[in-house]
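Here is how the chains run, residue by residue.
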Amino acid sequence: MKELTFGTLIAVFEEIFGRGLFWIMVALAALVTLAYLYVLIRDRAVSMRKFLWAQLSMPFGAILAVIFVQRMTHSGLRDIGGPIDMIVLLGVAVLGAVGGAILVYTVQSLLRPPRPRQNP
C-alpha cells in the first residue's frame, strides 16, 4: 500500500467490520449527527444539565468503542505491539467517548424537549 486514499480506508474498514455492518454504522452515525444538529437548532441553546450527563457518559462510550473494535478484529490489550497500536487504541477511545456524549445528549433532548419559557 503506497498511497493512503479515501477508497483504501473504506476498503480496510469494510474488511474489518464486514460490508453490511460498516455501512450500517455509517448510516447510524449520519442519523445521530443529523438528529444532534436538529436538537441544537430547535433548542437554540445547550442545556447544561444534559451536557453534564453527556460528559459523564464519555468513559462508557470510550470503553465500549475499544471493546467493540477488539471484538471485531479478534484482538485484545495483550496484542498491543508498539506506539502506533497505542495511538490507534487511544483514537478509538476518544472517538467512542465523543460519539457516546453526542448520542446521550441527543437522546435526552429528543425524549425531554425544553419547556417553553414564560415571560414575566
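Above: the structure in question.
Structure report, in brief. These numbers were taken from a predicted model, which means no experiment stands behind them. (Residues numbered from 1 in each chain as written. Predicted model: local features only at pLDDT ≥ 70, side-chain atom pairs only at ≥ 80, totals over all residues. Heavy atoms only, no water.)

### A short note on the environment of Ser 47
Tracing the chain through its elements places Ser 47 in the loop between helix H2 (19-43) and helix H3 (48-56). Considered as a pair, Ser 47 and Tyr 105 are 58 residues apart in the sequence and their alpha carbons are 9.0 Å apart. (Helix = DSSP H or I, 4+ residues; strand = E, 2+ residues; numbered from the N terminus.)

### What to know about the side chain of Ser 57
Tracing the backbone through its elements, the reader meets Ser 57 in the loop between H3 and helix H4 (58-73). Owing to a relative accessible area of 13%, Ser 57 belongs among the buried residues under this scheme. At 2.6 Å, the side chain of Ser 57 and the backbone oxygen of Ala 54 are in polar contact. Those residues in contact with Ser 57, other than ones at most four positions away along the chain, are Gly 100, Ala 101 and Val 104. (Buried < 20%, exposed > 50% of the residue type's maximum accessible area, 1.4 Å probe, protein only. Polar contact = N/O pair within 3.5 Å; in protein donor to acceptor, adjacent residues only side chain to side chain. Contact = heavy atoms within 4.5 Å.)

### So, the pattern of salt bridges
As enumerated under the stated definition, the model contains two salt bridges in all. Residue Arg 19 pairs with Glu 14 through a salt bridge whose shortest N-O separation is 3.5 Å. You can call Glu 14 buried: its relative accessible area is 16%. For Asp 43, the salt bridge is made with Arg 42, and the minimal N-O distance between the two is 2.8 Å. What makes Arg 42 partly exposed here is its relative accessible area of 29%. (Salt bridge = Lys/Arg side-chain N within 4 Å of Asp/Glu carboxyl O.)

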